[in-house]
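One letter stands for each residue in the lines below.
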Amino acid sequence: MADEWPLFEVFIRSRSGLEHKHVGSLHAADARMAVEHARDVYTRRQEGVSIWVVRSADIIASDPAEADALFEPARDKVYRHPTFYAIPDEVKNL
Amino acid sequence: MSTTPAPAILPRGGDPALDEARCRYVLRLADTSLVLGQRLSEWIGHGPALEEDLGLANLALDLIGQARLLLTYAGELEGRGRDEDALAFLRDAPEFLNLTLAEQPNGDFGQTIVRQWLIDTWQLEIYQALSVLPDTRLAAIAAKALRETRYHYRFSCGWLVRLGDGTEESQRRVQRALDDLWRFTPELFTPDDVDERLSLAGLAPALRELAPQWSLRVAEDLAAARLQRPPDRPHPWQGKRGVHSEHLGHLLSVMQHLPRTYPGAHW
C-alpha cells in the first residue's frame, strides 16, 4: 500500500521562535494524513511544536551536476562572511 | 481558620460498599484501556505501512499508560495492596472488567479501525464527563486521557471515513466490520448497579445522559463515511461484569505469560 502513497517531506519546528527544519520524509495518501504520520513518526520524543509537510514532488531542487557552477564561485570570497563583527552574548540562535 | 482548598477525595471514603463500587468502576476503565492497548500492540510489525504501524503503536502506548494510572488508583481503592502489575498480570479473565468490545480480535485493518472508533467515541464522552467531577484523582487521569483520546479519535475517524468513502472493497469490509461489532455497543451506555451507585453519589456520569451525544457523533461520522448504522439489538454482553467472550482468555495468556512464568522478572 505504501508504494502507492506519494512521498512527503517533513519539517518540524522544535520550539517557538525557531525555524522549521527538515527532519525526513514519509508516505501518506494526502496532506492531512501526512501531518498525522509526521506527528506519529517524528514527534514521539517531544521534538516539535509545529509540523509542515510538502509533497516531495513539489520541491524544486538544484541540479547536483551544476554544483560547480552554482557554488564554486563563492569559495574565494571570504569577505562576504560577517566575521569582523563581535556578536553580543545575548544573541542566541544566530 | 486556614483557607486551604477542600481536600481531594481520599482513596477510601469510609463507606465500604461505595468504595467497592468505585474500585470496580475504575477497574472497568483501566481494563478497557489495557485490553485495547494489548490488542493494538499485536499490530506492531504488521501494520499496512510503517507510518500506520507507528501510529497504532502510539495509540497502544497511550492506552497502556492510561491503564497504569487507573490500575494503580483501583489498587488503592481496593486496599489489599495490589499494585498495577498485580492487577494487570495476576488476575484471570472473570476478574477483568473491560468492555466486551475491547477484547474483540483485530481482524483486518478496517475491523481494528471500527473497534477503535467506537471505543474512542465512548471514551471521549466518559473522560470529558469524569474530568469535571469531584473525584480529583480520577478527574486528573481523565483530563490527561481526554487529550490523548482526542488524537485517537482523529486517527480512527479519519480512517473510518477514508475506508468507508474509499474503494468498493474498503467500503464493503468496513461496513462488514461495523455490522459485526455493533452488537457490542449497547454495553457502552447501559448502566448497571455500579454505574447507578456512582452516578447517584455524583462520582460518575449518568450513562443514559451521555448516550444521545454519543449517538449524534456516531451518526455524523457514519454519514461522512457513507456507512449504514446497523440495527440495535438487545445486549447479552457483560464484559464489565466479568463475563467475557472467548477471546479474552487467549489475549491474557499472551499478555500474562512472562510475569506468571518468571514472577518478579525485571529487564
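These numbers come from a predicted model, not from an experiment.

Participant: A description of the overall build of chain B should follow, citing residues and the corresponding values.
Facilitator: Within chain B, the secondary structure is distributed over ten helices and zero strands. The secondary structure elements of chain B, listed N-terminal to C-terminal, are α-α-α-α-α-α-α-α-α-α. Taken against the 2.2 N^0.38 rule, which gives 18 Å for 267 residues, the C-alpha radius of gyration of chain B at 19 Å falls within 12% of a compact globule. Dimensions of chain B along its principal axes, counting C-alpha atoms only, are 70 × 45 × 35 Å. In chain B, which comprises 267 residues, the proportion classed as buried is 53%. Across chain B, every contact between residues at least 6 apart in sequence was considered, and the portion connecting residues at least 24 apart equals 80%. Put simply, chain B shows about 12400 Å² of open surface, and 57% of that area lies on carbon and sulfur atoms.

Participant: Talk me through the confidence of the model for chain B; I want residue IDs and the actual numbers.
Facilitator: Residue and element names in this part refer to chain B. Mean pLDDT over chain B: 94, with 95% of residues reaching 70 or higher. Across chain B, element-level confidence peaks in helix α4 (residues 109–130) with a mean pLDDT of 98 and bottoms out in helix α7 (residues 186–189) with 95. Predicted confidence is poor over residues 1–7, with pLDDT under 50, and the contacts of this stretch with residues over four places away or in other chains come to zero contacts. Across the whole predicted complex the pTM is 0.87, and at the interface the ipTM reaches 0.75.

Participant: Give a description of the sheet that holds strand β2 (residues 20–27) of chain A that names residues and reports values.
Facilitator: All names here are of chain A. Taken in spatial order, the three strands of this open sheet run β2-β1-β3, and their pairing is antiparallel. Two strands close off the open sheet at either side, each with one partner strand: β2 and β3 (50–55). Adjacent strand axes in the sheet meet at a mean angle of 25° when their direction is disregarded. Taken together, the seven bridges between strand β1 (residues 7–13) and β2 define a ladder with antiparallel strand orientation. Bridge assignment links leucine 7 to a residue of β2, and that residue is histidine 27. Seen against the sheet, helix α1 (residues 31–42) touches β1, β2 and β3 and runs at an angle of roughly 110° to β2.

Participant: Outline the confidence of the model for chain A, supporting the account with residue identities and numerical values.
Facilitator: Of all residues in chain A, 96% have pLDDT values of 70 or greater, and the mean over the chain is 89. The least confident element of chain A, judged by mean pLDDT, is helix α2 (residues 67–71) of chain A at 89; the most confident is β3 of chain A at 97.

Participant: I'd like a rundown of the packing of α1 of chain A against helix α2 (residues 50–78) of chain B, residues and numbers included.
Facilitator: The angle between the axes and the distance between the axes are what describe a pair of packed helices. Packing of α1 of chain A against α2 of chain B leaves a shortest axis separation of 9 Å and a crossing angle of 60°. The orientation of α1 of chain A relative to α2 of chain B falls into the category oblique. Considering how the two elements wind past one another, α1 of chain A and α2 of chain B form a crossing that is left-handed. Between α1 of chain A and α2 of chain B, the residues in contact are Met33, His37, Arg39, Asp40 and Val41 of chain A and Glu51, Glu52, Leu54, Gly55 and Asn58 of chain B, respectively. The class makeup of the residues in the contact of α1 of chain A with α2 of chain B is three nonpolar, three polar and four charged.

How each quantity is defined
- Residues numbered from 1 in each chain as written.
- Chains lettered and ligands numbered in written order.
- Predicted model: local features only at pLDDT ≥ 70, side-chain atom pairs only at ≥ 80, totals over all residues.
- Heavy atoms only, no water.
- Helix = DSSP H or I, 4+ residues; strand = E, 2+ residues; numbered from the N terminus.
- Rg over C-alpha atoms; globule rule 2.2 N^0.38 Å.
- Buried < 20%, exposed > 50% of the residue type's maximum accessible area, 1.4 Å probe, protein only.
- Contact = heavy atoms within 4.5 Å.
- Areas by Shrake-Rupley, 256 points an atom, 1.4 Å probe, with all protein chains shown as cover.
- pLDDT = per-residue confidence, 0-100.
- Pairing = 2+ DSSP bridges.
- Axes fitted to C-alpha atoms, helices over the stretch in contact; angles between N-to-C directions.
- Parallel < 35°, antiparallel > 145°, perpendicular 65-115°, else oblique.
- Left-handed = near helix turned anticlockwise from the far one by under 90°.
- Nonpolar A, V, L, I, M, F, W, Y, C, P; charged D, E, K, R; others polar.

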